[in-house]
There are 2 protein chains.
Amino acid sequence: VSDHSTPWRGKFLEIRVDGKWEYAARPGGMEAAIIIPIDEAADGRHVILIEEYRVPLGAWCIGFPAGLIGDTGAPDDPASAAARELEEETGYRASTWTLIGRFASSPGLTDECVTIYAARGLTKIAAGGGVDGEEIIVHRIPMDDVSSFLAKKGEAGCVMDVKLLALLGHADAR
Amino acid sequence: VSDHSTPWRGKFLEIRVDGKWEYAARPGGMEAAIIIPIDEAADGRHVILIEEYRVPLGAWCIGFPAGLIGDTGAPDDPASAAARELEEETGYRASTWTLIGRFASSPGLTDECVTIYAARGLTKIAAGGGVDGEEIIVHRIPMDDVSSFLAKKGEAGCVMDVKLLALLGHADAR
């Protein structure tokens, strides 16, 4: 634990200063759960992506379903939050969950960590789209078309969430 | 561009509030360059990773070489920053650069975007380790051993940068 001051504190975020370091932190150490939903269906392997307007970016953003753990005030844990957010945002329920790991979002800027799961055995049980005024567009993309889908969305002005590297790694970095 | 207030402003970071949204932003829109260095040498394909202590996390962190674009005050651009940071942090110079893309670090928390490159054709020209008191440990890991290396480092208390998903995607999510 670092020896920091907290010059600003909001409801969801605070600023900490430690020597020359300035960084953003979630009050109470709140973390996020991220879901990589893989639909292995008769028509081929697909990934479920979401598109939503992101105020910090001032842009529509493509990424995976995600949500804060414990933001409802009720008892919560990463796996429960992942299942809830997958269903709320995409309308899919998953039968098989695989923990990929816990990762830091941006180690020089924030203490935020995210726990990432792969979700398989998907069944569509609702429309999705989010709750409380969230306007989330759900995309079901053939795995082989992910790169071209993202390129097209990028040309249209969408910003890509860095976690999409999980899908691009094979093609571009390995 | 959103209609926000700025209740706190530091040297490297500021807080913006827009309705119910609170987020962290880089003053002046400063961005970061990230390098995925792939060493295709006679002894097999390796990736160069760095390990450094990260104050926001209060922990040692494994990730790719990276740096802010334009933080030196001199004219700068993503490709120049990437080449400089690769050399400073790892001691490698690359002959082939491939732009992977520009990504948002954490779209619900910050406007930070990072530009990611793959660097190939590596030549070791210096020790690396960083500048200005940075204490960076350089790891050269066989590509097939990345998962086990990260598991071992995780057990030792290291935190993983989410951009490492670029290496794990093939095994875990696809």
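Along each chain, residue indices are assigned from 1 in the same order as the chain's sequence is written. Note on labels: chains are lettered from A, ligands numbered from 1, in written order. With the structure being a predicted model, the display of local features is reserved for residues of pLDDT at least 70 and the display and counting of side-chain atom pairs for 80 or more, all residues being used for whole-chain, interface and lining totals. Side-chain metrics in this entry use all non-hydrogen atoms of the structure; hydrogen atoms and water are not considered.

## Overview of the sheet that holds strand β2 (residues 14-18) of chain A
All names here are of chain A. Pairing is antiparallel across the open sheet formed by 3 strands, whose spatial order is β1-β2-β3. The outermost strands of the open sheet, each flanked by one partner alone, are β1 (5-9) and β3 (21-25). Taking each pair of neighbouring strands and ignoring which way they run, the sheet shows an average axis angle of 25 degrees. When DSSP finds at least two bridges between two strands, those strands are taken to pair. Every helix listed is a DSSP run of H or I at least four residues long, and every strand listed is a run of E at least two residues long, numbered separately from the N terminus. To get an axis, fit a line to the C-alpha atoms, keeping to the stretch in contact for a helix; angles then go from 0 to 180 degrees between the N-to-C directions.

## Things to note about the sheet that holds strand β2 (residues 14-18) of chain B
All names here are of chain B. In space, the 3 strands of this open sheet follow the order β1-β2-β3, with antiparallel pairing throughout. Here the strands that pair on one side only, and so sit at the sheet edges, are β1 (5-9) and β3 (21-25). With strand direction ignored, the average angle separating the axes of adjacent strands in the sheet is 25 degrees. Of the pairings in the sheet, the one linking β2 to β3 comprises 5 bridges and is antiparallel in character. Following the sheet pairing, R16 is matched in β3 by Y23.

## Let's talk about the relation of the copies chain A and chain B
What sets the superposition is a least-squares fit of C-alpha atoms, and only residues with pLDDT of at least 70 in both copies go into it. It takes a turn of 180 degrees to lay chain A on chain B, together with a shift of 0.0 Å along the axis; the resulting RMSD is 0.0 Å. Both chain copies can therefore be described as sitting about a two-fold axis. The fraction of interface residues of chain A whose copies in chain B are also interface residues reaches 100%, indicating that both copies meet through the same surface. Contacts are assigned to residue pairs that have any heavy atoms within 4.5 Å of one another.

## Quick notes on the pairing of strand β4 (residues 32-41) of chain B
Residues and elements named next belong to chain B. Burial status follows relative accessibility: with a 1.4 Å probe on protein chains alone, a residue under 20% of its type maximum counts as buried, one over 50% as exposed, and anything between as partly exposed. Counting buried positions over the 10 residues of β4 gives 8, a clear majority of the element. Here 3 bridges tie β4 to strand β7 (residues 66-68), and the two strands are oriented antiparallel to one another. Within the sheet, the bridge partner assigned to I34 lies in β7 and is A66. Pairing analysis gives 4 bridges linking β4 to strand β5 (residues 44-54), with the strands arranged antiparallel.

## Here we look at the nonpolar core
Side chains that are nonpolar tend, in soluble globular proteins, to be buried together. For this analysis, a nonpolar core means a set of buried residues of the types Ala, Val, Leu, Ile, Met, Phe, Trp, Tyr and Cys, connected via side-chain atoms within 4.5 Å. Counting residues in hydrophobic clusters, the biggest one holds 55 residues, and the most contacted among them are A:L49 and B:L49. If we ignore the near neighbours within four places in the chain, the residues touching A:L49 are A:I62, A:G63, A:F64, A:I137, A:V138, A:H139, A:I141, A:F149, A:L150, A:L164 and A:L167.

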